[in-house]
Amino acid sequence: MQNTYTEANYENAVIEIFRDMLGYDYVYAPDLVRDYADPLYSDELFSALHRVNPALPEIAITEAVYKLRNFEGGSTLQKNIQFMDYLQNGVSVNFYDNKEQRSALVKLIDYEHVERNSFIVANQWTIVENSEKRPDVLVFINGLPLVVFELKSPSREETDASEAFLQLRNYMHEIPSLFIYNAFLVMSDLAISKAGTITAGEDRFMEWKTKDGSYENTQFAQFDTFVEGMFDKARLLDIIRNFVCFSGEAKILGAYHQYFAVRKAVASTVKATEADGKGGVFWHTQGSGKSLAMVMLSKYLLMELSS
């Protein structure tokens, strides 16, 4: 069976999980009339921002989109740092309303109401910049191409997940504008599926070995475990908001064990504030990323306890 399982088969299998299991809308990009120089899904972006920010006027939304398209000079990474701030905290805009200057925060994602956001999986999304490239699968939230998948055929012995990593690096050179808007990357060859960031080396890409934290694939997680585990809609928003951060010029994505540990610690701590104040013990193994987990826990607690 594996000998006849082509890259196209695998791409379709991934899309089916997004569409049929996770409830994403599906778009076959060649069917769209769009500007190939634009990595954003513009029509979806405007309608989604109106839905997420119903109290704001058109001029505020237009100003936010202008800022999304016009970053100050700098590297792709520097622009991505600014974009992630917009994504996690909103876009600050100034505009005139009836000749009165106003300011507002335009949210790119509604983190409290998952259903107000649009989730789209698309394949064959052509982008023309330094050259013409067509990433295998893109995940859009509210018209923003937040996740890039590169898939390799499990039936071709000369290709594997490492080849997918190299292809992602090639995309970053040839179509850098796509990666301004990137939350994280995925490389997969069916047997191995891993996620990482635009600054991560291949050795820093990580698997996601559980769908919900209750059961763990102890060796190589199946690709459906990976996709369903990371891309459940509510969990994906949680990961983007609370488990992506920067340390200097290193962009860091929390691992699955950090994610579920922090979530449990937050629940325990919030409960403790209503009882004896004892949140429990956060147990780490050596090399598990405890410093990063503590940063994420602190950020999460500040958000939860202030809400």
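Up top you'll find the structure we're talking about.
Bear in mind that the values here come from a model prediction, so they are computed numbers and not experimental data.

This structure, assessed with the given rule, holds 19 aromatic pairs. Measuring from ring centre to ring centre gives 5.9 Å for Tyr41 and Phe140, while their planes differ by 75°; the resulting arrangement is edge-to-face. One end of the pair, Tyr41, is in the loop between β1 (25-28) and α2 (42-52); the other, Phe140, is in strand β7 (residues 137-141), with 99 residues separating them in the sequence. Ring centres 5.3 Å apart and planes at 80° place the aromatic pair Phe83 and Tyr181 in the edge-to-face group. On the criterion of sequence distance, the pair formed by Phe83 in helix α4 (residues 76-89) and Tyr181 in the loop between α6 (176-180) and β9 (184-188) is long-range, its members being 98 residues apart.

Per the counting criterion, the structure on display carries 1 cavity of 30 Å³ or more. In terms of lining, the largest cavity is formed by Ala195, Met206, Glu207, Trp208, Met230, Leu253, Gly254, Ala255 and Tyr256. Of the residues contributing to the lining of the largest cavity, the split by class is 7 nonpolar, 1 polar and 1 charged.

It is characteristic of soluble globular proteins that their nonpolar side chains tend to be buried jointly. Counting 63 residues, the largest nonpolar core has Phe18, Phe83, Leu87, Leu146, Phe149, Phe184 and Phe231 as the members making the most contacts within it. Excluding anything up to four places from it in sequence, Leu146 contacts Phe83, Leu87, Ile109, Val139, Ile141, Tyr181, Asn182, Ala183, Phe184 and Ile240. Of all hydrophobic cores here, the second largest spans 23 residues; its members include Leu77, Phe140, Leu168 and Ile198.

This brings us to the packing of helix α1 (residues 7-21) against helix α7 (residues 223-231). It is at 11 Å that the axes of α1 and α7 come closest, and there the two elements cross at 40°. With respect to α7, the axis of α1 lies oblique. Here the hand of the crossing between α1 and α7 comes out right-handed. Contacts between α1 and α7 involve Tyr10, Ala13, Val14, Ile17, Phe18 and Met21 from the former and Phe223, Asp224, Val227, Glu228 and Phe231 from the latter. The residue inventory of the contact of α1 with α7, partitioned by class, reads 9 nonpolar, no polar and 2 charged.

Right, let's talk about the sheet that holds β9 for a bit. An order of β1-β4-β7-β8-β9-β10 is seen for the 6 strands of this open sheet, with the pairing classed as mixed. Looking at which strands have only one partner, the edges of the open sheet turn out to be β1 and β10 (193-196). In this sheet, neighbouring strand axes are inclined to one another by 20° on average, regardless of whether the strands run parallel or antiparallel. The pairing of β9 with β10 spans 4 bridges and is classified as antiparallel. Bridge assignment links Val186 to a residue of β10, and that residue is Ala195. Against the sheet, helix α8 (residues 233-242) contacts β4 (119-123), β7, β8 (144-151) and β9, and its axis sits at roughly 85° relative to β7.

Attention now goes to unusual backbone geometry. Notably, Asn98 is not glycine yet its phi reads approximately 55°, a positive angle. Tracing the backbone shows Asn98 in the loop between β2 (91-97) and β3 (100-106).

Once that is clear, we can look at the pattern of salt bridges. Any two side chains of opposite charge can pair, given that their charged atoms come close. Enumeration according to the criterion identifies 11 salt bridges in this entry. Ionic pairing is found between Lys209 and Glu207, a salt bridge with its closest N-O pair at 3.9 Å. Each member of the pair, Lys209 as well as Glu207, carries the same accessibility label: buried. Here the residues in one salt-bridge network are Lys211, Asp224 and Glu228, joined through shared partners.

It is worth spelling out the packing of α2 against helix α3 (residues 58-69) at this point. Contact geometry of α2 with α3 gives a least axis separation of 10 Å together with a crossing angle of 135°. Taken as axis vectors, α2 and α3 run oblique relative to one another. Considering the relative orientation of α2 and α3, their crossing is right-handed. Side by side, α2 and α3 meet where Ser42, Leu45, Phe46, Leu49 and His50 of the first sit next to Glu58, Ile61, Thr62, Val65, Leu68 and Arg69 of the second. In terms of residue class, the contact of α2 with α3 is made up of 6 nonpolar, 3 polar and 2 charged.

Each value, and the rule that gives it
- Numbering of residues starts from 1 in every chain and runs along the sequence as written.
- It should be noted that, the model being predicted, local features are given only for residues of pLDDT at least 70 and side-chain atom pairs only at 80 or more, the latter also being counted only at that level, while totals for whole chains, interfaces and linings use all residues.
- Processing note: side-chain calculations cover all non-hydrogen atoms of the structure and skip hydrogens and water entirely.
- Put simply, two rings from Phe, Tyr or Trp (the six-membered ring, in Trp's case) pair if the centres are within 6.5 Å, and we call them stacked under 30 degrees between planes, edge-to-face over 60, tilted for the rest.
- Under the DSSP-based scheme used, a helix requires at least four consecutive residues in state H or I and a strand at least two consecutive residues in state E, with every element numbered from the N terminus.
- We place a 1 Å grid over just the protein atoms. Points where a 1.4 Å probe fits but has no way out form a cavity, open points with protein on both sides within 12 Å along at least 5 of 7 lines form a pocket, and any residue with an atom within 4 Å of a point lines it.
- Grid points are joined across faces, edges and corners, and a volume is the space filled by probe spheres set on the points.
- Just so you know the grouping, Ala, Val, Leu, Ile, Met, Phe, Trp, Tyr, Cys and Pro go in nonpolar, Asp, Glu, Lys and Arg go in charged, and all remaining residues, Gly too, go in polar.
- Nine residue types can take part in a nonpolar core, namely buried Ala, Val, Leu, Ile, Met, Phe, Trp, Tyr and Cys, and a core is a set of them joined through side-chain atoms within 4.5 Å.
- Only protein chains enter the calculation, and the probe is 1.4 Å; a residue is then buried if its accessible area is under 20% of its type maximum, exposed if over 50%, and partly exposed in between.
- Contacts are residue-level and defined by heavy atoms, with any inter-residue pair within 4.5 Å sufficient.
- Between N-to-C directions, angles cover 0 to 180 degrees, with each direction set by a line fitted to C-alpha atoms, over the stretch in contact for helices.
- Comment on the angle field: the value is read as roughly parallel under 35 degrees, roughly antiparallel over 145, roughly perpendicular from 65 to 115, and oblique elsewhere.
- Left-handed describes a crossing in which the near helix is turned anticlockwise from the far one by less than a right angle; the clockwise case is right-handed.
- One requirement defines pairing of two strands: DSSP has to find at least two bridges between them.
- Take a side-chain nitrogen of Lys or Arg and a carboxyl oxygen of Asp or Glu: if they are within 4 Å of each other, that pair is a salt bridge.

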